[in-house]
Amino acid sequence: MKLDVNALRYLTKDDFRVLTAVEMGMRNHEIVPAELVDRIAGLKHGGTYKVLRNLLKNKLVHHDATKYDGYRLTYLGYDFLAIKTLVNRGVFASVGRQIGVGKESDIFEVATEDGTVLAMKLHRLGRTSFRAVKSKRDYLRHRRSFNWLYLSRLAALKEFAFMKALGDHGFPVPTAVDCNRHCVIMSLVQGYPLVQVKELQNPDDVFDTILGLIVRLAEHGLIHCDFNEFNIMIDDDEKITVIDFPQMVSVSHRNAQMFFDRDIECIYKFFNKRFNLKSEKNEVEDGSESDGEGTSRPSFLSVKKDAGSLDKELAASGFTRKAQVDMEKYIEEDAEGQDSSSDDDDEIGDAVPIYSLKIDQDHSDELDCNLTSRNSGGPGTFSEEHGTSCSG
Ligand code: ADP
Ligand code: MG
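The model shown is predicted, which means the values in this text are computed figures rather than measured ones.

Draft legend 1. Local environment of the nonpolar core. The biggest cluster of nonpolar side chains holds 53 residues, and the ones touching the most others in it are Leu166, Ile210, Ile223, Phe227, Ile267 and Phe271. Leave out the neighbours within four places in its chain, and Phe227 touches Ile210, Leu213, Ile214, Leu217, Ile232, Val242, Asp263, Cys266 and Ile267. Leu3, Tyr75, Val95 and Leu149 belong to the second-largest nonpolar core, a separate cluster that totals 47 residues.

Draft legend 2. Looking closely at the coordination of the magnesium ion (ligand 2). Those protein atoms acting as donors to the magnesium ion (ligand 2) are Asn231 (OD1) and Asp244 (OD), and they sit at 2.1 Å. With Asn231 in the loop between strand E10 (222–223) and strand E11 (232–234) and Asp244 in the loop between strand E12 (240–242) and strand E13 (249–250), this pair connects stretches of sequence that are 13 residues apart. Like Asp244, Asn231 is buried.

Draft legend 3. Up close: the packing of helix H1 (residues 13–25) against helix H3 (residues 47–57). As a packed pair, H1 and H3 sit with axes 9 Å apart at the nearest point and diverge in direction by 85 degrees. With respect to their mutual orientation, H1 and H3 come out roughly perpendicular. Residue-level contacts link Asp14, Asp15, Val18, Leu19 and Val22 of H1 to Thr48, Val51, Leu52, Asn54 and Leu55 of H3. Across the contact of H1 with H3, the residue classes break down as six nonpolar, two polar and two charged.

Draft legend 4. Structural context of the sheet that holds strand E9 (residues 192–193). With antiparallel pairing, the three strands of this open sheet are ordered in space as E9-E11-E12. At either margin of the open sheet sits one strand with a lone partner, and together these are E9 and E12. Sheet topology note: the E9/E11 ladder contains two bridges and is antiparallel. Along E11, the bridge assignment pairs Tyr192 with Ile234. On top of the sheet, helix H7 (residues 203–219) reaches E11 and E12; it is set at about 30 degrees to E12, its chief contact.

Draft legend 5. Up close: the site of ligand 1. Close contacts around ligand 1 come from 19 residues, with Ser105, Lys121, Val189, Asn231 and Asp244 the closest. Between Val189 and ligand 1, the recorded distance is 2.8 Å, taken from a backbone N or O atom to a nitrogen atom. Burial of ligand 1 by the surrounding chains reaches 85%, relative to a free accessible area of 550 Å². Elements represented by at least two residues in the shell around ligand 1 include exactly strand E4 (94–102), strand E5 (105–111), strand E6 (117–123) and strand E8 (183–187). For the shell around ligand 1, the leading source of residues is E4, giving three residues. Taken together, the residues of the shell around ligand 1 break down into eleven nonpolar, five polar and three charged.

Draft legend 6. Quick look at the packing of H1 against helix H2 (residues 34–41). Remark: H1 packs on H2, axes separated minimally by 8 Å, with the N-to-C direction vectors making an angle of 120 degrees. As judged from the angle between their axes, H1 and H2 are oblique. In this structure, H1 crosses over H2, and the sense of that crossing is right-handed. For the pair H1 and H2, the contacting residues are Arg17, Val18, Ala21, Val22, Met24 and Gly25 in the first and Leu36, Val37, Ile40 and Ala41 in the second. Residue composition of the contact of H1 with H2, grouped by class: eight nonpolar, one polar and one charged.

What counts, and where the lines are drawn
- Chains are numbered independently. Their residues run from 1 in the order of the written sequence.
- Think of it this way: whatever chain is written first is A, whatever ligand is written first is 1, and the rest follow in order.
- It should be noted that, the model being predicted, local features are given only for residues of pLDDT at least 70 and side-chain atom pairs only at 80 or more, the latter also being counted only at that level, while totals for whole chains, interfaces and linings use all residues.
- As a convention, hydrogens and water are excluded, and side-chain values are obtained from all of the structure's heavy atoms.
- For the purposes of this section, nonpolar cores are sets of buried Ala, Val, Leu, Ile, Met, Phe, Trp, Tyr and Cys residues that join through side-chain atoms within 4.5 Å.
- Think of it in three bands: with a 1.4 Å probe and only protein chains considered, a residue is buried below 20% of the maximum accessible area for its type, exposed above 50%, and partly exposed in between.
- It only takes one pair of heavy atoms within 4.5 Å for two residues to be counted as in contact.
- Coordination here is defined by N, O and S atoms within 2.8 Å of the metal (3.2 Å for Na, K and Ca), and since water is not considered, a site can look incomplete.
- Secondary structure counts use DSSP, requiring at least four H or I residues in a row for a helix and at least two E residues in a row for a strand, with both numbered from the N terminus.
- Angles run from 0 to 180 degrees between N-to-C directions of axes, and those axes are lines fitted to C-alpha atoms, restricted for helices to the stretch in contact.
- We call two directions roughly parallel when the angle between them is under 35 degrees, roughly antiparallel when it is over 145, roughly perpendicular when it lies between 65 and 115, and oblique otherwise.
- Under the convention adopted here, Pro, Cys and the residues Ala, Val, Leu, Ile, Met, Phe, Trp and Tyr are nonpolar, Asp, Glu, Lys and Arg are charged, and Gly plus all remaining residues are polar.
- Between any two strands, pairing holds if DSSP finds at least two bridges.
- Nearness here has a simple test: a residue counts as near a molecule or strand if at least one of its heavy atoms is within 4 Å of that partner.
- Whenever two N or O atoms come within 3.5 Å, that pair is a polar contact, provided that in protein one can donate a hydrogen and the other can accept it, and provided that, for residues adjacent in sequence, both atoms are side-chain atoms.
- For accessible areas, the Shrake-Rupley method is used with a probe of radius 1.4 Å. Any residue's cover is judged against the shown protein chains and nothing else.
- Left-handed describes a crossing whose near helix is turned anticlockwise from the far helix through less than a right angle; right-handed describes the clockwise counterpart.

Set out below in structure tokens:
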């Protein structure tokens, strides 16, 4: 989907207040009754309804009157909440062009006040399940039980935590800057995805570096699980950076060995095909660990033996066991339900141009502040912290 941030400039405090109220309502309603939105927002004189019409016009919420008069956030609405919060924190000041589209993410350039360009990844887990629901495929129906806000937020939280920990342990990953809701801000990697590279000066060295990384990750207790030419960036000096971490697992995962071998296999295959790397290492086609001449594929069991405990550190970092289990369930179901309809329209609708935007700071008081003071609705409506803050 495209992200038109132009409207962000014109949204008022009340607009954001009501948008936040819809977000809060979505904790326990797929479609939030208008009346509940009004109660949470606590605007005077029916102000909420007027604001909702404006949000609807800007495609920040979706109206649904099938069962009752209700609203839910669109991706765009959720994007705006995250962007606004991060801008208020001073993390960046403008949104630029789109630099990547993943199956379940959109990546944009953003710039800080002083002109530093960073990368913003907006997670869109559940994008495919929306389509599944739309196309009424029965066997995917149960995926409705996953709330896309929750899943996208988990993916961002996990990605941020892993990126940070890996960076701290010296792995070549983007610098994790901040995260909020489904949005991760990281340093912009110079270079290109390996898949776009047709020629290397030192394919052997690059191959060894990449294999070495898979092994070193496992020695730290982790498996990437999507280690392939799409998630490896390489620059003109053939220095590599690994990206994309939401699917990582611990070496103690029940399928760890399979994931590890699959990551290794992907790299062997790619280098073989693209760079014709027919080293003796590459001639092992049957998945066995040794070619009988002393060169061998990295063996999961021998790596695991000495595995460190980065996986446990991460488990303690706020990315909870339940979050991990929910993510894994989703990823597994997603793998089962893969279809080729991935370029259907999404729920935001029409493609809209991307504008470079200097966000107006006047309206940008911290979203999370002061909601209680104006709340005339039910007790405790605003008591929970909302959104996801990774940096406190
Ligand atoms: P997905 O999980 O959807 O696969 P990725 O994290 O792999 O998303 O990003 C998709 C694409 O966006 C990448 O292939 C890359 O081209 C680009 N990209 C992602 N992160 C960065 C970054 N930090 N710097 C530069 N480009 C990036
Ligand atoms: Mg990727």
